[in-house]
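Topology and contacts: notes
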Amino acid sequence: MVSTLHEDASSRLWKPNDSLSKAAPLLCRRRAVDQLVAHGLPYSKKLMGHTSCVNALAISPNGRWLASGGDDHFLHLWDFDQESLVEPSWRYTGPRSNVFTLAFSASGQYLFSGDTGAHIFQYDLSHVASPIASTSGASNSPCATHNTHEDSIRAISCHPEQDHLFLSAAEDGRIILHDMRADSRRTRAQGTLQQIAPFSCVQYHPRMTPLFATSDTQGVVCLRDVRMAFGPLSQRQHKGIVQKYVTTIAKQGQACMARPETSSLVFDREGRRLALTMLHHYPTLYSLNDPYPIATFSGRYLPDGTPVPEGERTWSNSCTMKHGSFGGFGSDHDSYFAHGSDDFRTYLWKIPDDSALLEGRTVIGHSDWERHLRPGEIGYVESHMGPRYVPIELSVPHARLTGHDSIVNAALIHPDRPYLLTAGIERYIRLHSPTSVTPSTEPLALTPQEVRTIPPTDPNSRMLLLRAMGIIDDPLDNPDDDSQALALFDQILRTEGNGDVFTIRACGPSDYSSDSDDDSDVAMGDSDSGGEIGMY
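Criteria and cut-off values
Residues numbered from 1 in each chain as written. Predicted model: local features only at pLDDT ≥ 70, side-chain atom pairs only at ≥ 80, totals over all residues. Heavy atoms only, no water. Helix = DSSP H or I, 4+ residues; strand = E, 2+ residues; numbered from the N terminus. Buried < 20%, exposed > 50% of the residue type's maximum accessible area, 1.4 Å probe, protein only. Contact = heavy atoms within 4.5 Å. Areas by Shrake-Rupley, 256 points an atom, 1.4 Å probe, with all protein chains shown as cover. Arc of directions from axis to C-beta. Salt bridge = Lys/Arg side-chain N within 4 Å of Asp/Glu carboxyl O. Core = buried A, V, L, I, M, F, W, Y, C linked by side-chain atoms within 4.5 Å. Polar contact = N/O pair within 3.5 Å; in protein donor to acceptor, adjacent residues only side chain to side chain. Expected span 1.5 Å × (residues − 1). Phe/Tyr/Trp six-rings, centres within 6.5 Å; stacked < 30°, edge-to-face > 60°. Lys NZ or Arg CZ within 6 Å of the ring centre and 35° of its normal. Pairing = 2+ DSSP bridges. Axes fitted to C-alpha atoms, helices over the stretch in contact; angles between N-to-C directions.

**Some thoughts on the overall build of the protein chain**
Regarding its fold elements, the protein chain presents eight helices and 39 strands. Counting the 536 residues in the protein chain, one finds 56% classified as buried. Considering only contacts within the protein chain whose residues lie at least 6 apart along the sequence, 62% involve residues at least 24 apart. Approximately 22300 Å² of the protein chain is accessible, and the part contributed by carbon and sulfur atoms is 52%.

So, in structure tokens, the structure goes:
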């Protein structure tokens, strides 16, 4: 229960003329933000508009617009400048399959969506630039379609400064550099980076624009340079790779190693840190220039520092594609990290300074590791005989946010305002706030703290599962009911929720040097099929 005193103090911190204003000294703003979110984000509301799972969220560069997309094949645009955020201001059509990635261009003029049908749709948002958005619920079509991939689009990343450039990553093993200028001299082949393993994410570095990071389903994570990754073969070097991050893990008491699948990655706003989302493993934090991690995020303890009660579910990621985010809740420094979980919560961690994290990281030689008896301890290793780097485990989250009845896949901290947006299996987005009163919403209620438990299988749950899978018809076909989606993912969690990464992603000594592809520089041919890897 949050006291009235806390509510009143938090509300006062929200006023625009106090130390959160942009004219305030940076350190004062950071202290004010820390005070504002000291008790978490206990208030929230649902943003209703979608009719199925919400998979992707993105916020425009100016902070005004929230874009959302999912399984209902519509894109929604929400206006934070509204006095009461009750419905989307704009609705866009185009996708014909599930949307899993959204991105705004550098100026915010364009919005891009990527779906499982291998389509990238581009929308011109010039019509929403007026001070007050209008035509609520209007349906708008894309201004362009990019059909250069042959499998599901996993990520789109727009150039931080130029509207005409963006990168896309897909399960066809391609990263494509798109140039929308009519006079672009780069051929399709010169703008394609190809490998065997499916790519899972791509992100431009927010400050050093020639750099971008990639991850794939084999767990290989690289920092690359556009100038070395694309263009004629004579100009390419090592597929643009300038840094490889160590993602292979060893465990005390476990004979084999594992390389978890990396499903997404994200930079902080300065580009100093990079966080990876790994299946069956904790989110992992890297410093840009360090190949070994400096921290992992877990939910081993409650925010007050006490252990999670025995039998209570805590942070895990065993299924679905999740995306975390850095943020500062209105300050200039991304000192927080948020991530959704299979236990139906969203976790928020406060990140210590890099110096403290590096000081706490231990390095254990291979021979010492064999004698180092700490059952269950995880170390990151580049080679079988190499040293084990054991990063600090940030095991006490700053807050555990509730309000969802199933898996939370997207957690997005607003860059300028103290909001955290979450979404997942359900058809709504939840806006979390540290205060009950905000400029964009009516007074918010306290978020319900009860977390739904996964029920044991019974005839009713089996019936819901069969309907969700389309095996039997639903006579009611209730469009306002998430019960079928919840039943489907409950069953997925029953079967996959306790997976062991050292069983699922086990690897031996011969696997350390075998990345997703070799370092030879190849490009896609210009044939219509685009299926060959060849020189041009």
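**Some words on helix α2 (residues 26-36)**
By the burial criterion, the buried members of α2 are Arg29, Ala32, Val33 and Leu36. The arc enclosing the buried residues of α2, seen along the axis, measures out at 100°, which places them on a common side. Projecting away from the buried face of α2 at angles above 90 degrees are the exposed residues Leu27 and Arg31.

**Section: the pattern of salt bridges**
Scanning the model with the defined rule gives 24 salt bridges in all. Here Arg227 and Asp225 are joined by a salt bridge, their closest N and O atoms 2.7 Å apart. Judged by relative accessible area, Arg227 falls into the exposed class, the value being 57%. The class for Asp225 is buried, based on a relative accessible area of 7%.

**Details of the nonpolar core**
Formed by 35 residues in total, the largest nonpolar core has its most connected members in Leu167, Ile175, Phe212, Phe230 and Leu274. Top contributing element to this core by residue count: strand β15 (residues 199-204), with four residues. Discounting residues that sit within four places of it in the chain, Leu167 has contacts with Ala155, Ile156, Ser157, Ile175, Ile176, Leu177, His178, Val202, Tyr204, Phe212 and Phe230. Core analysis: the next-biggest nonpolar cluster, separate from the first, contains 17 residues, Leu47, Val54, Ala410 and Leu431 among them.

**Describing the side chain of Arg345**
With respect to the helices and strands, Arg345 occurs in the loop between β26 (336-340) and β27 (346-350). Of note is the side chain of Arg345, whose polar atom sits 2.8 Å from the side chain of Asp343. Setting aside its immediate chain neighbours within four residues, Arg345 contacts Glu312, Arg313, His339, Gly340, Arg400, Leu401, Thr402, Val408 and Val451.

**Focus: helix α7 (residues 483-496)**
Side chains that are three or four residues apart share a direction in an α-helix, a result of its 3.6 residues per turn. Here α7 is 14 residues long and its end C-alpha atoms lie 20 Å apart, about the 20 Å a rise of 1.5 Å per residue gives. Within α7 the residues assigned to the buried category are Ala485, Leu486, Ala487, Phe489, Asp490 and Leu493.

**Describing the packing of aromatic side chains**
Using the criterion set out here, one finds 14 aromatic pairs in the structure. When the centroid spacing of 5.4 Å and the interplanar angle of 75° are considered together, the rings of Phe329 and Tyr336 count as edge-to-face. Connected via pairs of aromatic rings, a cluster forms that spans Phe297, Phe326, Phe337, Tyr347 and Trp349. Cation over ring: Arg91 sits above Phe74, and NZ or CZ is 4.2 Å from the ring centre. Positioned above the aromatic ring of Phe344 is the side chain of Arg313, whose terminal nitrogen or guanidinium carbon lies 4.8 Å from the ring centre.

**Details of the environment of His339**
Within the secondary structure, His339 is located in strand β26. His339 gets classed as buried once you look at its relative accessible area, which sits at 0%. Spatially, the C-alpha atom of His339 lies 9.2 Å from that of Phe326, the residues being 13 residues apart in sequence. When near neighbours in sequence (up to four residues on either side) are disregarded, His339 contacts Thr277, Pro283, Trp315, Lys322, His323, Gly324, Arg345, Thr346, Tyr347, Trp349 and Ala411. A distance of 2.8 Å separates a polar atom in the side chain of His339 from a polar atom in the side chain of Thr277.

**Quick notes on the pairing of strand β13 (residues 174-179)**
On any regular strand, side chains alternate: one points to one face of the sheet, the next to the other face. Counting buried positions over the six residues of β13 gives six, a clear majority of the element. Burial of the side chains of β13 extends over both faces: Arg174, Ile176 and His178 are buried on one face and Ile175, Leu177 and Asp179 on the other. Here five bridges tie strand β12 (residues 165-170) to β13, and the two strands are oriented antiparallel to one another. Along β13, the bridge assignment pairs Phe166 with His178. Hairpin connection, β12 to β13: the antiparallel pair is bridged by three residues, and Gly173 has positive phi, about 80°. Here β13 runs beside strand β14 (residues 192-194); their pairing, made up of three bridges, is antiparallel. From the neighbouring strand, Ile175 faces β14, where its bridge partner is Leu193.

**So, the sheet that holds strand β7 (residues 110-115)**
Either a parallel or an antiparallel arrangement is found when strands of a sheet pair, and the pairing is made through backbone hydrogen bonds. Strand order in the open sheet formed by four strands is β6-β7-β8-β10, and the pairing between neighbours is antiparallel. Each edge of the open sheet carries a strand with a single partner, namely β6 (99-104) and β10 (144-146). Mean inter-strand twist for the sheet, computed between neighbouring axes without regard to direction, equals 20°.

**Considerations on the pairing of strand β2 (residues 54-59)**
Within β2, six of the six residues are buried, which leaves the element mostly enclosed by the surrounding structure. With five bridges joining them, β2 and strand β3 (residues 65-70) adopt antiparallel strand pairing. Within β3, the residue paired with Val54 across the bridge is Gly70.

**A closer look at the sheet that holds strand β17 (residues 221-225)**
Here four strands make up an open sheet; going across it, the order is β15-β16-β17-β18 and the pairing antiparallel. Both outer strands of the open sheet, β15 and β18 (241-245), are each paired with one neighbouring strand and no more. Each strand of the sheet is rotated relative to its neighbour by a mean of 20°, with strand direction disregarded. Taken together, the four bridges between β17 and β18 define a ladder with antiparallel strand orientation. Bridging from a neighbouring strand, Cys222 pairs with Lys244 of β18.

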